[in-house]
Amino acid sequence: MQNKRIALDLQVADILQDAVRAALNDTFQVVTEIKPWNVQKEALQPDDSLIGIIPINQGPKNYGYFVTAFNRAVIAKVLAFYGVTETPDRAMLHDAVSEMTNVLYGMFKTEMNHLGYGFEMSLPTVIDTEWDGQNMEKLILPFVAEGHRCRIVVSNVQQQ
């Protein structure tokens with residue numbers, strides 16, 4: 001398998017859009033509206049989201065990161081879909097973000113591997129603070145879920 005840098009282009013944006021629609025709309029029954037995607041190198045602006053991060057690896061090489069940012073109200077909606085009626089605590093919120101990030105990354109990874117990337121599955125990490133992706137080229141796919149701003153980011157690690 002040839003090692004190659006992720007092309008942050010329309011093809012990747014389309015794969016992410018399809019994953020958001022399939023996972024959020026179809027699986028979790030969360031109404032979403034996809035916004036125009038963009039590519040930037042500047043640090044992301046902080047917001048009040050829970051962040052899921054998965055390293056994008058091919059063997060021992062790290063090519064970038066797959067990052068989700070979900071508003072807590074969206075996570076609560078997903079938990080309600082599964083019958084959770086009490087106010088979610090931090091651990092429950094983190095578990096839900098982890099699961100949603102894992103589902104979205106799995107869809108992304110499968111489609112990218114059809115294009116010859118050979119990316120591996122990894123476990124997500126969830127953080128309460130913003131991931132800014134400073135000094136990385138990033139494709140950002142913003143979307144509105146249940147009226148709240150969310151996003152998926154795919155980044156490239158700087159090549160040496």
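Residues numbered from 1 in each chain as written. Predicted model: local features only at pLDDT ≥ 70, side-chain atom pairs only at ≥ 80, totals over all residues. Heavy atoms only, no water.

**Quick word on the overall build of the protein chain**
Move 1: Scanning the protein chain for helices and strands turns up 3 helices and 7 strands.
Move 2: Scanning the protein chain from its N terminus toward the C terminus, one meets helices and strands in the order α-β-β-β-β-α-α-β-β-β.
Move 3: Expected size for 160 residues packed as a compact globule is a radius of gyration near 15 Å; at 15 Å, the protein chain falls within 12% of this value.
Move 4: Here the protein chain holds 160 residues, and the buried ones make up 44% of them.
Move 5: Once local pairs closer than 6 in sequence are excluded, the contacts in the protein chain between residues at least 24 apart make up 71%. (Helix = DSSP H or I, 4+ residues; strand = E, 2+ residues; numbered from the N terminus. Rg over C-alpha atoms; globule rule 2.2 N^0.38 Å. Buried < 20%, exposed > 50% of the residue type's maximum accessible area, 1.4 Å probe, protein only. Contact = heavy atoms within 4.5 Å.)

**Focus: the nonpolar core**
The tendency in soluble globular proteins is for nonpolar side chains to be buried side by side.
Move 1: The biggest cluster of nonpolar side chains holds 41 residues, and the ones touching the most others in it are Ile6, Leu16, Phe66, Phe70, Phe108 and Phe143.
Move 2: Looking at this core, the elements that each hand over two or more residues are helix H1 (10-27), strand E3 (49-58), strand E4 (61-71), helix H2 (72-81), helix H3 (90-114), strand E6 (137-145) and strand E7 (148-156).
Move 3: Setting aside anything within four residues of it in sequence, one finds Ile6 in contact with Val12, Ile56, Tyr63, Met112, Tyr117, Phe119, Val154, Ser155 and Asn156. (Core = buried A, V, L, I, M, F, W, Y, C linked by side-chain atoms within 4.5 Å.)

**Observations concerning the pairing of E3**
Move 1: In terms of residue burial, E3 counts as a mostly covered element, since 9 of its 10 residues are buried.
Move 2: Taken together, the 10 bridges between E3 and E4 define a ladder with antiparallel strand orientation. Bridge pairing in E4 places Leu50 opposite Phe70.
Move 3: Connecting E3 to the antiparallel partner E4 that follows it, the hairpin turn spans 2 residues, and Gly59 within it adopts a positive phi of roughly 65°.
Move 4: Strand direction decides the pairing type here: E3 and strand E5 (residues 125-127), joined by 3 bridges, are antiparallel. (Pairing = 2+ DSSP bridges.)

**Here we look at the confidence of the model for the protein chain**
Move 1: Residue-level pLDDT values for the protein chain average 87, and 95% of them are 70 or greater.
Move 2: Within the protein chain, no element has a lower average pLDDT than H2, which sits at 87, and none a higher one than strand E1 (residues 32-34), at 94. (pLDDT = per-residue confidence, 0-100.)

**Some remarks on H2**
Move 1: Considered for burial, the residues of H2 that qualify are Val74, Ile75, Val78 and Leu79. On an axial view of H2, the arc spanned by its buried residues comes to 140°, and they lie on one face.
Move 2: The elements touched by buried residues of H2 are E4, H3, E6 and E7.
Move 3: Regarding H2, its N-cap is Asn71, as a side-chain oxygen of that residue lies 2.7 Å from the backbone nitrogen of Ala73 further along.
Move 4: Looking at the residues trailing H2, positive phi occurs at Gly83, about 90°. (Arc of directions from axis to C-beta. Polar contact = N/O pair within 3.5 Å; in protein donor to acceptor, adjacent residues only side chain to side chain.)

**Looking at the pairing of E6**
Move 1: In terms of strand pairing, E1 meets E6 through 3 bridges, oriented antiparallel. Residue pairing for E6: Glu33 is matched across the bridge by Val144.
Move 2: Here 3 bridges tie strand E2 (residues 38-40) to E6, and the two strands are oriented antiparallel to one another. Each residue of the ladder has a partner; that of Asn38, found in E6, is Ile140.
Move 3: Of the strand pairs in this sheet, E6 and E7 are connected by 9 bridges, and their pairing is antiparallel.

**Examining the packing of aromatic side chains**
Move 1: Going through the model one piece at a time under the given rule, you end up with 8 aromatic pairs.
Move 2: Between Phe70 and Phe143, the ring centres sit 6.2 Å apart and the planes meet at 65°, which makes this aromatic pair edge-to-face. Of this pair, Phe70 sits in strand E4 while Phe143 sits in strand E6, and the two are 73 residues apart along the sequence. A single burial state applies to Phe70 and to Phe143, both of which are buried.
Move 3: Aromatic ring contacts, followed pair by pair, group Phe28, Phe81 and Tyr82 into a single cluster.
Move 4: Across the ring face of Tyr63, the terminal group of Lys61 is positioned such that the distance to the ring centre comes to 5.9 Å. (Phe/Tyr/Trp six-rings, centres within 6.5 Å; stacked < 30°, edge-to-face > 60°. Lys NZ or Arg CZ within 6 Å of the ring centre and 35° of its normal.)

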